[in-house]
Amino acid sequence: MAWLCSRTAFQICRRGFSCNAVKYGKREFADPLDHATGLEKRELLAAAAGNFDPYHMKALEIDRQSTKDSPNLVPSVFKSRIVGCICEEDSSHVNWMWLHDGQPRRCECGHWFKLIQKAPL
């Protein structure tokens, strides 16, 4: 008898559910660039101009013949930056070091790095 009452309760509480998309006619969503402000807008404008790495966060290919006179150049907006060097291709260990403006630095593996100033975004 209890199953009959619960079945009746569920039949009474049933509501219709529609999963159709809402149609707005010919209207379209606005461009995200129109709504963006501040730093987000600068990032979108940089991506539209073709710069998909405005903060220089992607890994750089290092020159295997780097010396103190011709080091690998690392861009930065600040006076110092931390840099990781994977000394061997098969290595799973990263050597981290701080680079300071104007001072080339040598990694344990022998590669040289130097910080250069870039304009902020």
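Everything discussed here concerns the structure shown above.
Since the model is a prediction, treat every value here as computed from it, not as a measurement.

Before going further, it helps to spend a moment on the overall build of the chain. For the chain, the count of helices and strands is three helices and five strands. Put simply, the chain runs from its N terminus to its C terminus through helices and strands in the order α-α-α-β-β-β-β-β. Buried positions account for 17% of the 121 residues belonging to the chain. Residue pairs at least 24 apart in sequence account for 42% of intrachain contacts in the chain once pairs closer than 6 positions are excluded. Carbon and sulfur atoms make up 56% of the accessible area of the chain, which totals about 10500 Å².

Going residue by residue along strand β2 (residues 80-85), you find Arg81, Val83 and Cys85 tucked away on one face and Ser80, Ile82 and Gly84 left uncovered on the opposite face. Summarising the sheet, β2 and strand β3 (residues 95-100) pair through six bridges and their orientation is antiparallel. Each residue of the ladder has a partner; that of Gly84, found in β3, is Trp96.

What follows covers the side chain of Ser76. Residue position: Ser76 is located in strand β1 (residues 72-76). With relative accessibility at 5%, the residue Ser76 sits in the buried group. The contacts of Ser76, once residues within four sequence positions are left out, are Arg81, Leu115, Ile116, Gln117 and Lys118.

So, on to the environment of Arg42. Within the secondary structure, Arg42 is located in helix α3 (residues 38-48). In this structure Arg42 comes out as partly exposed when scored by relative accessible area, which is 46%.

Looking now at the nonpolar core. Among the nonpolar cores identified, the biggest contains eight residues, and these are Val74, Val83, Cys85, Met97, Leu99, Cys107, Phe113 and Leu115. Contacts of Leu115, omitting those with residues within four sequence positions, involve Val74, Ser76, Phe78, Lys79, Ser80, Arg81, Leu99, His100, Asp101 and Gly102.

Residues Leu39, Tyr55, Met57 and Leu121 make up a contiguous nonpolar surface patch of about 400 Å² in total accessible area. Relative to the helices and strands, Tyr55 resides in the loop between α3 and β1.

Across the sheet, three strands lie side by side as β1-β5-β4; this open sheet has mixed pairing. Looking at which strands have only one partner, the edges of the open sheet turn out to be β1 and β4 (105-106). The sheet contact formed by β4 and strand β5 (residues 112-117) spans two bridges and is antiparallel. The residue bridging Arg106 from the neighbouring strand is Trp112, located in β5.

Moving on, we come to the pairing of β1. β1 sits mainly inside the fold: four of its five residues count as buried. With five bridges connecting them, β1 and β5 associate as parallel partners. The partner of Ser76 across the bridge, within β5, is Gln117.

It is worth spelling out a negative patch on the surface at this point. Taken together, the side chains of Glu61, Glu88, Glu89 and Asp90 define an acidic patch exposed on the protein surface. The exposed category is assigned to Glu61, whose relative accessible area is 79%.

Glancing now at the side chain of Arg81. Along the chain, the position of Arg81 falls in strand β2. Here Arg81 sits buried without a salt bridge, and the closest side chain of opposite charge, Asp53, lies 7.1 Å off (N-O distance). A distance of 2.4 Å separates the side chain of Arg81 from the backbone oxygen of Pro75, its partner in a polar contact. Excluding anything up to four places from it in sequence, Arg81 contacts Tyr55, His56, Met57, Val74, Pro75, Ser76, Met97, Trp98, Leu99 and Leu115.

The rules behind the values
- Residues numbered from 1 in each chain as written.
- Predicted model: local features only at pLDDT ≥ 70, side-chain atom pairs only at ≥ 80, totals over all residues.
- Heavy atoms only, no water.
- Helix = DSSP H or I, 4+ residues; strand = E, 2+ residues; numbered from the N terminus.
- Buried < 20%, exposed > 50% of the residue type's maximum accessible area, 1.4 Å probe, protein only.
- Contact = heavy atoms within 4.5 Å.
- Areas by Shrake-Rupley, 256 points an atom, 1.4 Å probe, with all protein chains shown as cover.
- Pairing = 2+ DSSP bridges.
- Core = buried A, V, L, I, M, F, W, Y, C linked by side-chain atoms within 4.5 Å.
- Patch = residues over 30% accessible without salt bridge, like charges linked within 9 Å, V, L, I, M, F, W, Y side chains within 5 Å.
- Salt bridge = Lys/Arg side-chain N within 4 Å of Asp/Glu carboxyl O.
- Lys, Arg positive; Asp, Glu negative; His and termini not counted.
- Charge placed at Lys NZ, Arg CZ, Asp CG, Glu CD.
- Polar contact = N/O pair within 3.5 Å; in protein donor to acceptor, adjacent residues only side chain to side chain.

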